[in-house]
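# Observations on the three-dimensional arrangement
The lines below spell out each chain.
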Amino acid sequence: MAQATHAVEIRNLSVRRGKRTVLHEISLTIPRGSITGLLGPSGCGKTTLMRSIVGTQIVASGEVTALGSPAGSTELRRRIGYVTQAPSIYNDISVRENVRYHAALYDRDHEATEAALTAVGMREFAGQRGDELSGGQLTRASLACALVAQPELLILDEPTVGLDPVLRVDLWKQFRELAAGGTTLLVSSHVMDEAEHCDRLLLLREGNLLAQLSPDELRSSTGEQNLENAFLTLITMGEAA
Ligand SMILES: Nc1ncnc2c1ncn2[C@@H]1O[C@H](COP(=O)(O)OP(=O)(O)OP(=O)(O)O)[C@@H](O)[C@H]1O
């Protein structure tokens, strides 16, 4: 199969939710084998953009291509992993059984199950049932279910919310290893300090894409070293233009 240059290509995407247009004419690309951070304040449209890539969002206009096929194509189902903000774990079976179930769906073996549990730091809690987990543990268990499928494109909606700083660092290391192995990651966050871990940033505000650039480019284009301040400066520069 021909490899598309980019993992994701979006042209002029507009989305309406309810009576409002929540994404306005967005065009972007996401390179393969990299970590792209989707950053912006709460409600700016991050989840809507992710849903558009996964193919679960009705779009008003525009084109969304993932791994060379139109978003939502049947053949993409096994190739894209999506972890939403609402953890999707069966409560009445253990974490390990949840991950094994996903492994079986994707023809992965026992080793893949254990590797996914280790990757998210859940080996210790693998015997606990879904209804015996904390919020952060639920998030990590959901992530393990997505990881075990070994998708080419992994889309993670705020995966580090509620995690302690040590675990956050571990997870970002894990994301980096996945990217080094060729996986493309799109990771959303509303806190700019996560931006530092990303190769590229998509900066979203009120449904508009303000910029797609690297953390270093964001610093040099705004003259701000701190990424939070750089984002604010970019907004001010946009408003003044
Ligand atoms: N089902 C819905 N019907 C109507 N409007 C919606 C619906 N879901 C979300 N919206 C609106 O769409 C906009 C974008 O929401 P979205 O969930 O994509 O933002 P977000 O950046 O992911 O936010 P957060 O960081 O809080 O999760 C928001 O203004 C939200 O109020």
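Remember, predicted model here, so these are calculated numbers, not experimental data. (Residues numbered from 1 in each chain as written. Predicted model: local features only at pLDDT ≥ 70, side-chain atom pairs only at ≥ 80, totals over all residues. Heavy atoms only, no water.)

This part covers the overall build of the chain. A tally of helices and strands in the chain yields 7 helices and 10 strands. Seen along its three principal axes, the alpha-carbon backbone of the chain occupies a region of about 55 × 40 × 35 Å. Looking at the chain as a whole, 48% of its 241 residues qualify as buried. Once local pairs closer than 6 in sequence are excluded, the contacts in the chain between residues at least 24 apart make up 66%. In the form shown here, the chain has an accessible surface area of approximately 11,600 Å², with 49% of it arising from carbon and sulfur atoms. Counting 23 positive and 29 negative side-chain charges, the chain places the averaged centre of each group 5 Å from the other. (Helix = DSSP H or I, 4+ residues; strand = E, 2+ residues; numbered from the N terminus. Buried < 20%, exposed > 50% of the residue type's maximum accessible area, 1.4 Å probe, protein only. Contact = heavy atoms within 4.5 Å. Areas by Shrake-Rupley, 256 points an atom, 1.4 Å probe, with all protein chains shown as cover. Lys, Arg positive; Asp, Glu negative; His and termini not counted. Charge placed at Lys NZ, Arg CZ, Asp CG, Glu CD.)

For the rest of this paragraph, the subject is the layout of surface pockets. Roughly 530 Å³ of volume is contained in the largest pocket. In terms of lining residues, the largest pocket is bounded by 22 residues, among which Arg77, Ile80, Gly81, Tyr82 and Tyr106 are the most central. Taken together, the elements giving at least two residues each to the lining of the largest pocket come down to strand S6 (80-83) and helix H4 (135-147). Per-element tally for the lining of the largest pocket: the top contributor is S6, with 4 residues. (1 Å grid on protein atoms, 1.4 Å probe; cavity = no way out; pocket = protein on both sides within 12 Å on 5 of 7 lines; lining within 4 Å. Points joined across faces, edges and corners; volume = space filled by probe spheres on them.)

Looking now at the UniProt feature "domain: ABC transporter" (unreviewed entry) in the chain. Here, the residues flagged by UniProt with the feature "domain: ABC transporter" (unreviewed entry) are residues 8-231. Within residues 8-231, the helical portion is 32% and the strand portion 27%, while the C-alpha atoms at the span's ends are 23 Å from each other. (UniProt positions renumbered as here; feature names shortened; annotations may be inferred.)

This next bit is on the site of the ligand. Close contacts around the ligand come from 14 residues, with Ser42, Gly43, Lys46, Thr47 and Thr48 the closest. For the ligand, an oxygen atom lies 2.9 Å from a polar atom in the side chain of lysine 46. Glutamine 85 has a polar side-chain atom sitting 3.1 Å from an oxygen atom of the ligand. For the ligand, whose accessible area on its own is 640 Å², the fraction buried by protein is 64%. Listed by contribution, the elements that provide at least two residues to the shell around the ligand are strand S2 (20-31) and helix H1 (46-54). For the shell around the ligand, the element with the highest residue contribution is H1, accounting for 3 residues. (Near = heavy atom within 4 Å. Polar contact = N/O pair within 3.5 Å; in protein donor to acceptor, adjacent residues only side chain to side chain.)

Parsing the chain into structural domains produces domain 1 (1-79 + 153-167 + 183-214) and domain 2 (87-150). Put simply, the middle of domain 1 and the middle of domain 2, counted by C-alpha atoms, are 24 Å apart. Facing 7 residues of domain 1, the contacting portion of domain 2 comprises 9 residues. Across the interface of domain 1 and domain 2, roughly 660 Å² is buried in total on both sides, 66% from carbon and sulfur atoms. The three residues of domain 1 that bury the most area against domain 2 are Arg78, Leu154 and Leu167, which together make up 59% of that side's buried surface. At the junction of domain 1 with domain 2, the criterion picks out 1 salt bridge. Residue arginine 78 pairs with aspartate 107 through a salt bridge whose shortest N-O separation is 3.6 Å. Scanning the region where domain 1 abuts domain 2 turns up 1 residue pair in polar contact (both at pLDDT 80 or more). Classifying every residue of the side of domain 1 that touches domain 2 gives 5 nonpolar, no polar and 2 charged. (Domains from an automatic or database assignment. Buried area = accessible area lost by both parts, 1.4 Å probe. Salt bridge = Lys/Arg side-chain N within 4 Å of Asp/Glu carboxyl O. Nonpolar A, V, L, I, M, F, W, Y, C, P; charged D, E, K, R; others polar.)

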